[in-house]
Every structure is written in C-alpha cells, then in structure tokens.
Amino acid sequence: MMKRTLLVLISFLFFINLSFSQKTTKTERKILKTVTANTAESIEFLKKVVNINSGTMNHKGVKAVGMVFKEAYDEIGFSTNWIDMSEVNRSGHLFAETNGTKGKKLLLIGHLDTVFEEDSPFQEFVMVNDSIAHAPGGNDMKGGNIIILYALKALVDNGLLKKSQIIVAYTGDEESTGKPLSISRKDLVEAAKKSDIALGFETSTGFNYATVARRGSSGWKVEVTGKRAHSSGIFNEKVGAGAIFEISRILNEFYNEVRGPAYLTFNPGVIMGGTQLSFESALSKGTAFGKSNVIAQTAVVKGGLRFISEEQKENARKKMRAIVAENLPHTSAKISFTDSYPAMGPTDGNKELLKILNQVSFDLGQGRVKAYDPGKRGAADVSFIAEYVDCLDGLGTMGKGAHTPQETVNLNTIEDLTKRTAILIYRLINQ
Ligand SMILES: [Zn+2]
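Anyway, here's the lowdown on the structure attached to this text. (Residues numbered from 1 in each chain as written. Predicted model: local features only at pLDDT ≥ 70, side-chain atom pairs only at ≥ 80, totals over all residues. Heavy atoms only, no water.)

## What about the coordination of the zinc ion?
Definition in use: In this description, a donor is an N, O or S atom within 2.8 Å of the metal centre, a cutoff extended to 3.2 Å for sodium, potassium and calcium. Water is not part of the atom list, which can make sites seem incomplete. Irregular is the default label, applied whenever a site is not tetrahedral (four donors, all angles between 85 and 135 degrees) and neither square planar nor octahedral (four or six donors, opposite donors over 155 degrees apart, all other angles between 65 and 115). Where helices and strands are cited, they refer to DSSP runs of H or I of at least four residues and of E of at least two residues respectively, numbered from the N terminus. Here the term buried applies to any residue with accessible area under 20% of the maximum for its type, exposed to any over 50%, and partly exposed to those in between, with areas from a 1.4 Å probe on protein chains only.
Taken together, His111 (NE2), Asp140 (OD), Glu202 (OE) and Glu202 (OE) make up the full set of protein donors to the zinc ion, lying 1.9 to 2.5 Å away. Geometry at the zinc ion is irregular, judged from its four donor atoms and the angles of 54 to 147 degrees they form at the metal. Here the donor residues of the zinc ion share one chain and are spaced in sequence as H-x28-D-x61-E. Here His111 is found in strand E3 (residues 106–111), whereas its partner Asp140 is found in helix H4 (residues 138–157), with 29 residues between them in sequence. As far as the burial class goes, His111 and Asp140 line up, both buried.

Next up, the structure:
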C-alpha cells in the first residue's frame, strides 16, 4: 500500500514536471513573431487614441475613440457595432465579434472612457523616457484595449481565428456607469451569457499577478430621528437620547459587531446631525444647524461597503439592520442600501483560468502568475458578468498613477503582455 502511494506520488510529480516543461508550439511561435512585428504600430495606435480626449462625459470623444477601434476591428474582419447609450446620458459601447463554435467562447473586456474630462489639464501622450509615457488613460485602460486588439490581430494574421466565437466589448462609461445598470450593462451581460470565459484588461498589477476576484461595492445610509427638546431634559423618560447619540450608538455598534470577516470593509463617508439639516444624498453634501442647548432632532450618515461575495454582503446588511432597529429611548432609525458593483468571487473556474495563464506565462519565460489580493482591487466591468462566466482580470498594461495627473504607462511591457494574451486566447479557443 505504501509502495503504491509512493508510486502515485512520483508519477504525479513527474506529471507536474512534464506539464511545466511544455513550451510553445510551432504555430504559437508564429503568433509571437507577428506580435513582435506589430509592436511599434501598436504603440503608435496607443498614442493616437490617448490624444483623443474621452472623459466619460465627453460623449463625442468617447465615440471618436470607439470609431478608431471600430475601423481597426473592421479591418481584421470582425463584425462591429456601436451601441448608442444616450438613453442613460452616456456615449455608447463598441462591440466587435467573430462567429464560430470551436473551443471556448471568449468575451474580452475593455473601456473607451477615462477619468480625464475635456477641462482636465492632462490631455497628451508624452514620452518620459524611452519606455515610459505620461498619458491620460494610457494605463487605465487604452493600453489594455490595445493589447486585446493586437493579440487578436496576430491570431487573424496567422489565420487562426476563423472558427471561434470572440466578442470584444469596449464600454464607454466604465469610470462612471450610466444608470440604470439594467440598460447600460445590458449588452455586456448578454455577451457574457453567450460566452464561456471573460478576460478583463484593466491595468495589470504586475507581470506576476492576475485578478481572480474583485470585491463588490455598495452604499448605505442611516437616517435617525429624535425628540427635539431643551437640552436640560436629555436622558429623562419623556425626551430620551436625541438623534446624535443614537447615530453614534449605531456607528459604534457597526464598528464592534459588523467589522471582522476577511475582505469586508465599510466606511461612513459623511455624517450630519442637529435640529435641522438639508442633505443632498446624490451630491453627498448639505448643511446642518443645531445648538448645544437643543436636543438634536435629526441625523444622517452615508457610507460604502465592500464585500467578496453576495453572501458576505447580505450577512453584513442583516447585522446592520438589527443594530439600527435597537433604538435608544425616543429615537427611531432606518437604514437603506444601494447596490452598485457585484462581487467577482474567487471561484474554482477563475482559479482554473489562472492556472492556464500561469502555464502560458511559464512557457513564454515570463515567470509564474499568482492571484492578486482581492482586497486591493476596486470593482470593474468584469464584476457585472462574473456570475455568468469564469473570469480573469488585470491583464492590461503596467503603469502607475491611474486616475491621477501622474498616470504613466510602461510601453516596454506591451509586447510581452500582448504575446501572453495572444497565446492564452489561442489555447483557450483550441481547448
Ligand atoms: Zn479602468
């Protein structure tokens, strides 16, 4: 029996060794060659699209960037479609696709918009040195869009994309999604339902990391009412505690009772209380009036909550509701929740995809790829479709300072990341 276990172990180790010693095939080497040949062109393409402002609310600019990509996808034989989103006060999305039944059906996700609107002083692609460009949206995520395009182009150029279904979805409002989501994310969700796997090309957290899970985000608001009275009566049977003590109790109990599970965080972002207040929830601002000799009649706090699964979110909400219901004397409170991004949980399917990517990376001599800490990544478009398909994200360019005027993109890594993407896609559609 011992002998047999040992034998199994040895053959298992041999298998692991064998599977990690696999290298690229002849066809794969052709793909790699094409990527290399097109790298200079891909960087020129990046420069061109970065220099077109596409802040989310610059609808014309977002569409203009979409049209540049549309032309490129038309050229490699994809059927393209601009989906207008003026209904939700956004520009629109570009979808490009091929039809087929061979291998896994893939959805590749990018976005055309950036956080830099037309009035931002940051508008231009400028080389910092021979490998780094200072570029608004160059890293988040026009670089990622380029990686998708040039990986697919390398496959098309070698005649390898004729029989598979690939949908490229470039949304035009990732940085500030159009509402309701049932309209602005409808096409993305439909594309996911037709696919087996989704790959997101948001900024990479490094060569050796990919995102198998992203936390979801949501909002909450607590509104409290107390009994207005002279402060000298506070704590007595008729007057009670007042709204400000009650809201303090609630927050303190949130901190003590709800805090704890890994990846669950919640943050009260704004709070007001007093005799009178006007709070504009959508703008997160308002004014309050109160006096030290008057017991506060009203209070409000608004915050956010991040979670790794729907179950974790629901458990947290349940605890919050229970805390809000146990009021101090003569006060009442209510809590409301808003959903924004669902979680992309660390599923077995996602981890399996990471293994495939890891093997590709290893075969290309680019080193192992590990799962990035989901606690450190914000939500993204991939989150909306994570419940329908296996997914990986963070496959885009490397760079720094996304969403700030210091944003840079590392051009030296584009070739290697495009190679890795092209081989990954090739292997998936031949599975
Ligand atoms: Zn992004």
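## Some words on the packing of helix H7 (residues 243–258) against helix H8 (residues 310–325)
Keep this limit in mind: Inter-axis angles, ranging from 0 to 180 degrees, are taken between N-to-C directions of lines fitted to C-alpha atoms, where helices are fitted over the stretch in contact. In this scheme the crossing of two helices becomes right-handed for a clockwise turn of the near helix relative to the far one and left-handed for an anticlockwise turn of less than a right angle. Two residues form a contact once any of their heavy atoms are found within 4.5 Å.
For the pair H7 and H8, the least separation of the axes is 10 Å and the interaxial angle reads 145 degrees. The element H7 and its partner H8 pack so that their crossing is right-handed. Contact residues: Glu246, Arg249, Ile250, Glu253, Phe254, Glu257 and Val258 in H7; Ala316, Lys319, Met320, Ile323 and Val324 in H8.

## Remarks on the sheet that holds strand E14 (residues 332–341)
Note the cut-off: The pairing criterion is simple: DSSP has to find at least two bridges between the two strands.
Strand order across the open sheet formed by four strands is E10-E13-E9-E14, with antiparallel pairing between neighbours. Here the strands that pair on one side only, and so sit at the sheet edges, are strand E10 (265–274) and E14. Going across the sheet, the axis of each strand differs from the next one's by a mean of 15 degrees, ignoring polarity. When E10 meets strand E13 (residues 298–307), the two strands line up antiparallel, connected through nine bridges. Bridge pairing in E13 links Pro268 to Gly303. The strands touched by H7 within the sheet are strand E9 (216–225), E10, E13 and E14, with E9 carrying the most contacts at an inclination of about 150 degrees. Contacting E9, E13 and E14, H8 runs over the sheet at an angle of about 165 degrees to E14.

## Re the packing of helix H2 (residues 26–50) against helix H10 (residues 414–429)
Test applied: In what follows, roughly perpendicular refers to angles from 65 to 115 degrees, roughly parallel to angles under 35, roughly antiparallel to angles over 145, and oblique to any angle outside these ranges. Residue polarity is assigned by list, with Asp, Glu, Lys and Arg as charged and Ala, Val, Leu, Ile, Met, Phe, Trp, Tyr, Cys and Pro as nonpolar; anything else, Gly included, falls into the polar class.
Contact pair H2 / H10: the axes reach a minimum separation of 9 Å and the direction vectors enclose 135 degrees. Considered as vectors, H2 and H10 are oriented oblique to each other. The hand of the H2/H10 crossing is right-handed. Residues Thr27, Glu28, Ile31, Leu32, Val35, Thr36, Thr39, Ser42, Ile43 and Leu46 of H2 lie in contact with H10, whose contacting residues are Ile414, Glu415, Thr418, Lys419, Ala422, Ile423, Tyr426 and Arg427. Looking at side-chain class alone, the contact of H2 with H10 contains nine nonpolar, five polar and four charged residues.

## What to know about helix H6 (residues 186–193)
Of the residues making up H6, those classed as buried are Asp187, Leu188, Val189, Ala191 and Ala192. Against the buried residues of H6 lie strand E1 (79–84), strand E2 (92–98), E3, strand E6 (166–171) and helix H5 (181–184).

## Regarding the pairing of E6
A large share of E6 lies buried, amounting to six of its six residues. By the alternation rule, side chains of E6 split into Ile166, Val168 and Tyr170 and Ile167, Ala169 and Thr171, which are all buried. Two strands pair when backbone bridges link them, and E2 and E6 are joined in this way by five bridges, in the antiparallel orientation. Each bridged residue has a counterpart across the sheet, and for Thr98 the counterpart in E6 is Ile166. Where E3 meets E6, six bridges bridge the pair, whose relative direction is parallel.

## Observations regarding unusual backbone geometry
Of the consecutive residues Asp140 and Met141, the connecting peptide bond is found in the cis state with omega at -10 degrees. Lys179 connects to Pro180 through a cis peptide bond whose omega is 0 degrees. At Ser284, a residue that is not glycine, the phi angle is positive and equals roughly 60 degrees. Mapped onto the elements of the fold, Ser284 is located in the loop between strand E11 (276–280) and strand E12 (285–289). A residue is classified by how much of its surface remains accessible, and Ser284, at 32% relative accessible area, is partly exposed.

## Looking at the packing of aromatic side chains
Threshold: Note on aromatic pairs: the rings of Phe, Tyr and Trp (six-membered ring only in Trp) are paired at centre separations within 6.5 Å, and the planes decide the class, stacked below 30 degrees, edge-to-face beyond 60, tilted for the rest.
Across all of its chains, the model carries eleven aromatic pairs by this definition. Ring plane angle 70 degrees and centroid distance 5.9 Å describe the contact between Tyr73 and Tyr170, whose orientation is recorded as edge-to-face. Linking Tyr73 in helix H3 (residues 59–75) with Tyr170 in strand E6, this pair joins segments that are 97 residues apart in sequence. The two residues Tyr73 and Tyr170 agree in class, both being buried. The interplanar angle of 85 degrees and the centroid separation of 5.5 Å between the aromatic rings of Trp220 and Phe254 together place this pair among those described as edge-to-face.

## Considerations on the sheet that holds E3
Within the open sheet, the six strands sit side by side as E1-E2-E6-E3-E7-E16. Their pairing is mixed. Only two strands of the sheet have a single partner each, and these edge strands are E1 and strand E16 (390–392). Along the sheet, successive strands turn relative to each other by an average axial angle of 20 degrees, direction set aside. The sheet contact formed by strand E7 (residues 197–200) and E16 spans three bridges and is parallel. Its bridge partner lying in E16, Ile197 is registered against Asp390. Sheet contacts for H4: E3 and E6; angle to E3, the most-contacted strand, approximately 145 degrees. Helix-sheet contacts for helix H9 (residues 348–363) involve E7 and E16, and the interaxial angle to E16 is about 50 degrees.

Everything listed here is a matter of coordinates, which is why it stays silent on function.
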